[in-house]
Amino acid sequence: MACAFCAIIEGTSPASIIYRDEIVIAFMTIHPSSPGECTVIPIAHVDHFTDVEDGTAERIMRVAQRIGRRMREVFQPQRVGMVVHGYGVACLALLTAPS
Ligand SMILES: [Zn+2]
């Protein structure tokens, strides 16, 4: 199944990729609500977050935490938050730091 995130993973759609390994990829959000907002998704397309394998879900959380720690250093927000969402594109972790 082709989706906007698969196009980023395949390199056919541009993105500011900040992290990638064999399981997950993270990239900056196109229209961020706060500085540093980014998205962490699995490399393998998953339609519903409830179908993500345990190991992949753990990797998403660990990568999101690592990026969130760096966001705290760089942007020094009061908080960094993470949202699991999948209403439009199958998105798993949206990291944001409200200013
Ligand atoms: Zn996809």
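Anyway, here's the lowdown on the structure attached to this text.

Here is what the cut-offs are and how they apply
Residues numbered from 1 in each chain as written. Predicted model: local features only at pLDDT ≥ 70, side-chain atom pairs only at ≥ 80, totals over all residues. Heavy atoms only, no water. Helix = DSSP H or I, 4+ residues; strand = E, 2+ residues; numbered from the N terminus. Rg over C-alpha atoms; globule rule 2.2 N^0.38 Å. Donors = N, O, S within 2.8 Å, 3.2 Å for Na, K, Ca; no water. Expected span 1.5 Å × (residues − 1). Buried < 20%, exposed > 50% of the residue type's maximum accessible area, 1.4 Å probe, protein only. Arc of directions from axis to C-beta. Contact = heavy atoms within 4.5 Å. Polar contact = N/O pair within 3.5 Å; in protein donor to acceptor, adjacent residues only side chain to side chain. Core = buried A, V, L, I, M, F, W, Y, C linked by side-chain atoms within 4.5 Å. Salt bridge = Lys/Arg side-chain N within 4 Å of Asp/Glu carboxyl O.

### Some thoughts on the overall build of the protein chain
Within the protein chain, the regular secondary structure consists of 2 helices and 5 strands. For the protein chain, the succession of helices and strands along the chain, N to C, is α-β-β-β-α-β-β. Here the C-alpha radius of gyration of the protein chain, 13 Å, is about what a compact globule of 99 residues would show, namely 13 Å. Seen along its three principal axes, the alpha-carbon backbone of the protein chain occupies a region of about 40 × 30 × 25 Å.

### Some points on the coordination of the zinc ion
The coordination sphere of the zinc ion, as far as protein atoms go, consists of Cys-3 (SG), Cys-6 (SG) and His-45 (ND1), spread over 2.0 to 2.2 Å. All donors to the zinc ion come from one chain, and their sequence spacing reads C-x2-C-x38-H. Of this pair, Cys-3 sits in the segment before α1 (4–10) while His-45 sits in the loop between β3 (38–42) and α2 (54–75), placing them 42 residues apart in sequence.

### What to know about α2
When the terminal C-alpha atoms of α2 are compared, their 31 Å separation across 22 residues agrees well with the 32 Å that a helix rising 1.5 Å per residue should span. When α2 is considered as a whole, its buried residues turn out to be Thr-56, Ile-60, Val-63, Ala-64, Ile-67, Gly-68 and Met-71. Down the axis of α2, the buried side of the element spans an arc of 145°, and every buried residue falls inside it. Among the exposed residues of α2, those pointing more than 90 degrees away from its buried face are Asp-54, Arg-62, Arg-70, Arg-72 and Glu-73. For α2, the secondary structure elements touched by its buried residues are β1 (17–20), β2 (24–28), β3, β4 (81–83) and β5 (93–96).

### Concerning the side chain of Thr-29
Following the sequence through the fold, Thr-29 ends up in the loop between β2 and β3. Within polar-contact distance, the side chain of Thr-29 engages the side chain of Thr-39 at 3.5 Å. The contact partners of Thr-29, leaving out residues within four places of it in the chain, are Glu-37, Cys-38, Thr-39 and Leu-94.

### Notes on the nonpolar core
Within the largest apolar cluster, 15 residues are counted, with the highest numbers of intra-cluster contacts made by Val-24, Val-40, Ile-60, Val-63, Ile-67, Met-71 and Leu-95. Per-element tally for this core: the top contributor is α2, with 5 residues. For Val-24, the residues in contact, after removing those within four places along its chain, are Tyr-19, Val-40, Ile-41, Pro-42, Ile-43, Thr-56, Arg-59, Ile-60 and Val-63. Within the second largest apolar cluster, 6 residues are counted, among which are Ile-8, Ile-9, Ile-25 and Ile-41.

### Overview of the pattern of salt bridges
With the rule as written, the count across this model stands at 3 salt bridges. Between Glu-73 and Arg-70 there is a salt bridge, with the nearest N and O atoms lying 2.7 Å from each other. Placement of both Glu-73 and Arg-70 in helix α2 is noted, with a separation of 3 residues, approximately one turn of the helix. The structure contains a network of salt bridges with shared partners spanning Asp-21, Glu-22 and Arg-59.

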